[in-house]
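In case you want the letters, here they are:
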Amino acid sequence: MIRLDGVHVRHKARSGGLLRRDTVHALTDATLEVKRGEIVGLVGESGCGKSTLARVLTGLQKPTEGEVRFHGRDLWEMSAAQRRDGFGSAVGVVFQDPSTALNPRLTVRRILRDPLDVHRRGTREEREARVEELIDLVGLPGHTLAALPGQLSGGQRQRVAIARALALEPELIVADEPTSALDVSVRAQVLNLLVDLRERLGLGMVFISHDIQTVRYLADRLAVLYLGRIVEEGRAADVAGAPVHPYTEALLSATPSLLETTERIVLTGPVPSATNPPSGCPFRTRCWKADEVCATVFPTEASGPGEHRWHCVHPQSPTSPAGDPAPVPSARSTA
Ligand SMILES: Nc1ncnc2c1ncn2[C@@H]1O[C@H](COP(=O)(O)OP(=O)(O)O)[C@@H](O)[C@H]1O
Ligand SMILES: [Mg+2]
């Protein structure tokens, strides 16, 4: 359905002083495909480029370099009108914080009708009916339509944001940390709603989270980002069950599930700056397996069964996940 090919996003930042402008490498050489009806989970620490990737996938951010194809057509070769009508309506977005994503002065009814009005969907009566249908779809009572966002709870607001994302019957929903601003008590409900909707509506979904444990069971495939790079990607069961990249292993062990007995890997040292990423593999400054080779070039792609791909010269053996006991990592400081 949608495919990114060698996508880079670089920002000019003002951090370099009055005349100098540093380059922020928000996303580097990202290649990713989302198939129809599939859930792709995107995980990584704060600042690694998840939201940037979400913005590229939804056409909000034009890549500095690389291609975005939607059903084979290059998004940025289309006219602005084609992009808005053909692509904009096919992709819905749900952001992290529903309190800032919804206009506080509009009623829920207006919020949900807005995309239908903008895209001139159906008659006035049909739009009204669609709004009723949408609020029902996300499990909110009809009287919610008369409310302002400020009168709703965080969980209810996120349901409204999901309903709005569904208004134009998209093929894909990109949900950027949709539960991290919510109370722990309602997170599971919102997650379940999204999974249920994808089943009922046959949507594709890109589900972004900083917590790999949250997405591993709901995603079909997982992509792991580190400092703007996709370092591992594959079926969720493979990536989370038999991680190959040390970073994926570290993410999994940061919040171990009860069933696993793997030794905890604690990452030491700060995440390097995206304005000046380390040479070679960006993870090498925190990796317990890193050596001189890792500092020279970014590792080329290696792959295993089931389209499992990774970029690492010292991979954990993909065929014997339990074979190599996790070594106690040594503290490394950034170069
Ligand atoms: N508009 C921008 N200008 C400059 N730097 C940016 C901009 N947007 C994002 N960044 C930087 O790009 C990197 C990736 O950011 P982001 O995609 O928001 O990460 P995440 O969502 O994983 O936390 C960060 O270093 C961030 O500071
Ligand atoms: Mg983000």
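Residues numbered from 1 in each chain as written. Chains lettered and ligands numbered in written order. Predicted model: local features only at pLDDT ≥ 70, side-chain atom pairs only at ≥ 80, totals over all residues. Heavy atoms only, no water.

Peer 1: Honestly, the nonpolar core in this entry has me stumped. Any pointers?
Peer 2: Soluble, globular proteins show a tendency: their nonpolar side chains are buried together. Counting 59 residues, the largest nonpolar core has Leu112, Val160, Ile162, Leu166, Phe207 and Leu222 as its most contacted members. When residues in this core are grouped by element, the largest group, six residues, is from helix α6 (residues 154–166). In this view, Phe207 contacts Ile39, Val40, Gly41, Leu42, Ala175, Pro178, Leu191, Leu194, Val215 and Leu218; residues no more than four positions away in its chain are not counted. Cys48, Leu53, Leu75 and Ala90 belong to the second largest nonpolar core, which has 31 residues in total. (Core = buried A, V, L, I, M, F, W, Y, C linked by side-chain atoms within 4.5 Å. Buried < 20%, exposed > 50% of the residue type's maximum accessible area, 1.4 Å probe, protein only. Helix = DSSP H or I, 4+ residues; strand = E, 2+ residues; numbered from the N terminus. Contact = heavy atoms within 4.5 Å.)

Peer 1: Where do I start with α6 in this structure?
Peer 2: For an α-helix, the turn length of 3.6 residues means that residues three or four places apart are oriented alike. Helix length check: α6 (13 residues) gives 18 Å between terminal C-alpha atoms against 18 Å at 1.5 Å per residue, within 8%. Of all 13 residues that make up α6, 10 are buried, and the element is covered over most of its length. For α6, the set of buried residues is Gly155, Arg157, Gln158, Arg159, Val160, Ala161, Ile162, Ala163, Ala165 and Leu166. Residues of α6 that are buried make contact with β6 (91–94), α3 (98–101), α4 (108–118), α5 (124–137), β7 (172–176) and α7 (184–201). (Expected span 1.5 Å × (residues − 1).)

Peer 1: It is not clear to me how the pattern of salt bridges should be interpreted in this structure. Could you clarify?
Peer 2: If the charged atoms of two oppositely charged side chains come close together, the side chains can form a pair. Evaluated as defined, the whole model comprises 20 salt bridges. The salt bridge involving Arg69 is made with Glu67; its shortest N-O contact spans 3.0 Å. A residue is classified by how much of its surface remains accessible, and Arg69, at 28% relative accessible area, is partly exposed. Glu67 sits in the partly exposed class, given a relative accessible area of 29%. Note that Arg221 is salt-bridged to Glu233, the shortest N-O span being 2.3 Å. (Salt bridge = Lys/Arg side-chain N within 4 Å of Asp/Glu carboxyl O.)

Peer 1: Can you walk me through the site of ligand 1 in this structure?
Peer 2: Within the structure, ligand 1 sits among His11, Val24, Ala26, Glu45, Ser46, Gly47, Cys48, Gly49, Lys50, Ser51, Thr52 and Ala274. Between ligand 1 and His11, the relevant distance is 3.4 Å, taken from a nitrogen atom to a side-chain nitrogen or oxygen of the residue. About the coverage of ligand 1: the protein hides 61% of its 560 Å² of free accessible area. Every element with two or more residues in the shell around ligand 1 is listed here: β2 (22–34) and α1 (50–57). Ranked by the residues each element gives to the shell around ligand 1, the list is headed by α1, at three residues. Here the residues of the shell around ligand 1 are counted per class, giving four nonpolar, six polar and two charged. (Near = heavy atom within 4 Å. Polar contact = N/O pair within 3.5 Å; in protein donor to acceptor, adjacent residues only side chain to side chain. Areas by Shrake-Rupley, 256 points an atom, 1.4 Å probe, with all protein chains shown as cover. Nonpolar A, V, L, I, M, F, W, Y, C, P; charged D, E, K, R; others polar.)

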